[in-house]
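# Chain and residue survey
What follows is each chain in one-letter form.
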Amino acid sequence: RRRNRCSRHRGTRERERGANEKRRVRNMAKKSEMRTYMKKVEQAVNANDVETAKETLKLAVRKIDKAAQKGIIHKNTANRYKSKLYNKVNSLIG
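Residues numbered from 1 in each chain as written. Predicted model: local features only at pLDDT ≥ 70, side-chain atom pairs only at ≥ 80, totals over all residues. Heavy atoms only, no water.

## Structural notes on the overall build of the chain
- Within the chain one finds 3 helices and 0 strands.
- Along the chain, helices (α) and strands (β) appear in the sequence α-α-α when read from the amino end.
- For 94 residues, the compact-globule estimate of 2.2 N^0.38 gives 12 Å, and the C-alpha radius of gyration of the chain, at 20 Å, exceeds that figure by more than 25%.
- In terms of principal-axis extent, the alpha carbons of the chain reach across some 80 × 20 × 15 Å.
- In the chain, which comprises 94 residues, the proportion classed as buried is 22%.
- Long-range pairs, those at least 24 residues apart, make up 59% of the contacts in the chain with a sequence separation of at least 6.
- When the accessible area of the chain is evaluated, it comes to approximately 7,600 Å², of which 46% is carbon and sulfur surface.
- Side-chain charges of the chain comprise 29 positive and 9 negative groups, with the mean position of each set lying 13 Å from the other. (Helix = DSSP H or I, 4+ residues; strand = E, 2+ residues; numbered from the N terminus. Rg over C-alpha atoms; globule rule 2.2 N^0.38 Å. Buried < 20%, exposed > 50% of the residue type's maximum accessible area, 1.4 Å probe, protein only. Contact = heavy atoms within 4.5 Å. Areas by Shrake-Rupley, 256 points an atom, 1.4 Å probe, with all protein chains shown as cover. Lys, Arg positive; Asp, Glu negative; His and termini not counted. Charge placed at Lys NZ, Arg CZ, Asp CG, Glu CD.)

Structure, rendered in structure tokens:
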């Protein structure tokens, strides 16, 4: 008679699946928030608003660094995003 040996781990699998879903939703929210701040910087740059661009840049960099720290994005990706934003703001400043 064959037994289903995997059934003893069923509860663990289900708990892990729930935890994965929670993490996925949380990571998506953090990533979305990060992208929103990046867009705010770009909008300020497009509007030639130096002060707003500088202020939103600080917030965007903070969000990007936090996402990299939490493992939501890779640190090299974070550095690439920050570089792109800094270049845009610095081109606005002159």
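Let's pick the thread back up.
## Focus on the nonpolar core
- One finds V41, I64, I73 and L85 to be the most contacted residues of the largest nonpolar core, which totals 18 residues.
- Sorting the residues of this core by element identifies α1 (10-46), α2 (50-69) and α3 (75-93) as the ones contributing at least two each. (Core = buried A, V, L, I, M, F, W, Y, C linked by side-chain atoms within 4.5 Å.)

## Structural notes on the pattern of salt bridges
- In this structure the tally under the stated criterion is 6 salt bridges.
- Between R23 and E16 there is a salt bridge, and its shortest N-O distance comes to 3.1 Å.
- Given a relative accessible area of 41%, E16 falls into the partly exposed group.
- Put simply, D65 and K82 hold a salt bridge, and the shortest N to O gap is 2.6 Å. Residue D65 is found in helix α2, and its partner K82 is found in helix α3; the two are separated by 17 residues along the sequence.
- Using a relative accessible area of 33% as the deciding quantity, one classes D65 as partly exposed.
- The buried category is assigned to K82, whose relative accessible area is 15%.
- One connected set of salt bridges, linked through shared partners, spans E42, K84 and K88. (Salt bridge = Lys/Arg side-chain N within 4 Å of Asp/Glu carboxyl O.)

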